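Structural overview for review
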Amino acid sequence: MDIIKYIDKIRQDFPALKTKVFGKPLAYLDNAATTQKPQLMLDAIEDYYSAINANVHRGVHFLSESATEAYEGARQRLQQFINAKHSNECIFVRGTTEAINLVATSFGQQFVKQGDEIVLTQMEHHSNIVPWKLLCERSGAELRIIPVNNNGELELSNLDAIFSERTKIVAVTHISNSLGTINPVKEIISKAHERNIPVLIDGAQAAAHIKIDVQDLDCDFYVLSAHKCYGPMGVGLLYAKQKWLEQMPPYQGGGDMILQVTFEKITYNSLPFKFEAGTPSVADAIGWHAALDYLAHLDHKAIAQHEKVLLEYCVQRLQELPHLKFWGTAKNKAPIVSFTLDDIHPHDIGTIVNEYGVAVRTGHHCNMPLMDSFGITGTVRASFGLYNTIQEVDQLCDALQNVHKIFRR
Ligand code: PLP
């Protein structure tokens, strides 16, 4: 296969990639923040609002039944995407952040009490720290942290000392959003399960790059956001083993999550509806379904190889720049490159390369504890998606040469 032609063809499916920035072609290298959207997904959302728009699960009329069918169809598509055993283990949420808040609140209320421990890692996104910290403040539990080594890999040799009788849950990211490290989550899950400790995997960064199989991982919870894997903003997934969802109390109250309401007593709906209060983001679920169908038709092997080439080429080209330091050099990495350039502030670098049409992320990437452990306030992050090209890596590196000139280094 001619990969250059193949990627060029894929690019035609993403209208935002045609944007010009200050008259220059956009090089969109901020995919870890959010990915661009395929036209098929945009069409599916427009079609829903144009032809079907109705509330789900509530009406007996034609449009409501059509909307319900499409919404539940999206759930089944998601079940297939992550290989969940049952579709009722798939809860629609607003995104990764809401999914983690749901688990921390509901699981926490049921299972976590004073003196218990929650194990996180040094590289977690704030979305996988703050909800647990809030739970600790409410319950009197404490956080235990798995450290990260200089390469940006988890230091797992001490797990036996970190897990204890008091550990109630482990929450760990599948792929680091600022370093790109792919964590050995299967190994962590198996170690935790030896002690009957449940594990939540934050898959926000993983869904766009690796095949997710929750049954193979045997994780207890898996969370992700559609917008980071070519789907719409405003919708995400909480996967949880049925045994946990059955024991956990509802997260929010309202329509759809009840069977019966009296002022004396409320009977909850069955799964998954017990955890979906109020009108869901129906159009976005349907759009996500369309995006998943679009992705399913792509050549995943070729794309994985292409993303690997982009990563290696980017590292090789960046090495040409004097005073550049990489953060995150793990052996097993997703196409995410983080670096600092001498003592130039990452925001200055981001602002300058923006003038050359290059979109990168700068700052702490919602990883303040990780940045603190490295003794830095932030990095510049280039994160690649399936439609990026070698020319865009060159565009970034050429723009960075200008940063050097401006700062006379
Ligand atoms: N977890 C990780 C690893 C992330 O990268 C992000 C977003 O960058 C989140 C959680 C939060 O995702 P969202 O803002 O879609 O809820």
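Rules used throughout
- Residues numbered from 1 in each chain as written.
- Predicted model: local features only at pLDDT ≥ 70, side-chain atom pairs only at ≥ 80, totals over all residues.
- Heavy atoms only, no water.
- Disulfide = S-S within 2.5 Å.
- Patch = residues over 30% accessible without salt bridge, like charges linked within 9 Å, V, L, I, M, F, W, Y side chains within 5 Å.
- Areas by Shrake-Rupley, 256 points an atom, 1.4 Å probe, with all protein chains shown as cover.
- Salt bridge = Lys/Arg side-chain N within 4 Å of Asp/Glu carboxyl O.
- Helix = DSSP H or I, 4+ residues; strand = E, 2+ residues; numbered from the N terminus.
- Axes fitted to C-alpha atoms, helices over the stretch in contact; angles between N-to-C directions.
- Parallel < 35°, antiparallel > 145°, perpendicular 65-115°, else oblique.
- Left-handed = near helix turned anticlockwise from the far one by under 90°.
- Contact = heavy atoms within 4.5 Å.
- Nonpolar A, V, L, I, M, F, W, Y, C, P; charged D, E, K, R; others polar.
- pLDDT = per-residue confidence, 0-100.
- Core = buried A, V, L, I, M, F, W, Y, C linked by side-chain atoms within 4.5 Å.
- Buried < 20%, exposed > 50% of the residue type's maximum accessible area, 1.4 Å probe, protein only.
- Domains from an automatic or database assignment.

1. Structural notes on the state of the cysteines
In protein chemistry, a disulfide is the covalent bond that joins the sulfur atoms of two cysteines. In total, this model carries zero disulfides according to the counting rule given. Left without a disulfide partner, C229 is nearest to the cysteine sulfur of C90, which lies 13 Å away. Between C366, a cysteine without a disulfide, and C229, which holds the nearest cysteine sulfur, the sulfur-to-sulfur distance is 18 Å.

2. Considerations on a nonpolar patch on the surface
A surface patch of nonpolar side chains, amounting to about 290 Å² of accessible area, comprises V261, I266 and Y268. By the element assignment, Y268 lies in strand β12 (residues 266–268).

3. With respect to the packing of helix α12 (residues 346–354) against helix α14 (residues 390–406)
Geometry of a packed helix pair, given as the angle between the helix axes and the separation of the axes. Across the interface, α12 lies against α14 with an axial gap of 9 Å and an inter-helix angle of 120 degrees. Taken together, α12 and α14 sit at an angle that is classed as oblique. You can see that α12 and α14 cross each other, and the crossing is right-handed. In this structure, α12 contributes I349, I352 and V353 to the contact, and α14 contributes A399, L400, V403 and I406. A breakdown of the residues in the contact of α12 with α14 according to their chemical character gives seven nonpolar, no polar and no charged.

4. Comments concerning the confidence of the model for the chain
In the predicted model, the chain carries a mean pLDDT of 97, and 100% of its residues have values of at least 70. Within the chain, strand β8 (residues 199–202) carries the highest mean pLDDT (99), whereas α14 carries the lowest (94).

5. Digging into the packing of helix α3 (residues 62–82) against helix α10 (residues 282–296)
Between α3 and α10, the shortest axis-to-axis distance is 9 Å and the interhelical angle comes to 45 degrees. In terms of axis orientation, α3 runs oblique to α10. Along this stretch, α3 crosses α10, giving a crossing that reads as left-handed. On α10, the residues touching A67, A70, Y71, G73, A74, R77, L78 and F81 of α3 are V282, A285, I286, W288, H289, L292, D293 and A296.

6. A word on the nonpolar core
Residues I10, I82, V170, Y222, L224, W288 and L386 are the most contacted members of the largest nonpolar core, which totals 78 residues. The element contributing the most residues to this core is α10, with nine residues. Looking at this core, you find at least three residues from each of domain 1 (3–30 + 299–408) and domain 2 (42–295). In this structure, V170 is in contact with V119, F163, I188, A192, I197, P198, V199 and L200, ignoring residues within four places of it in sequence.

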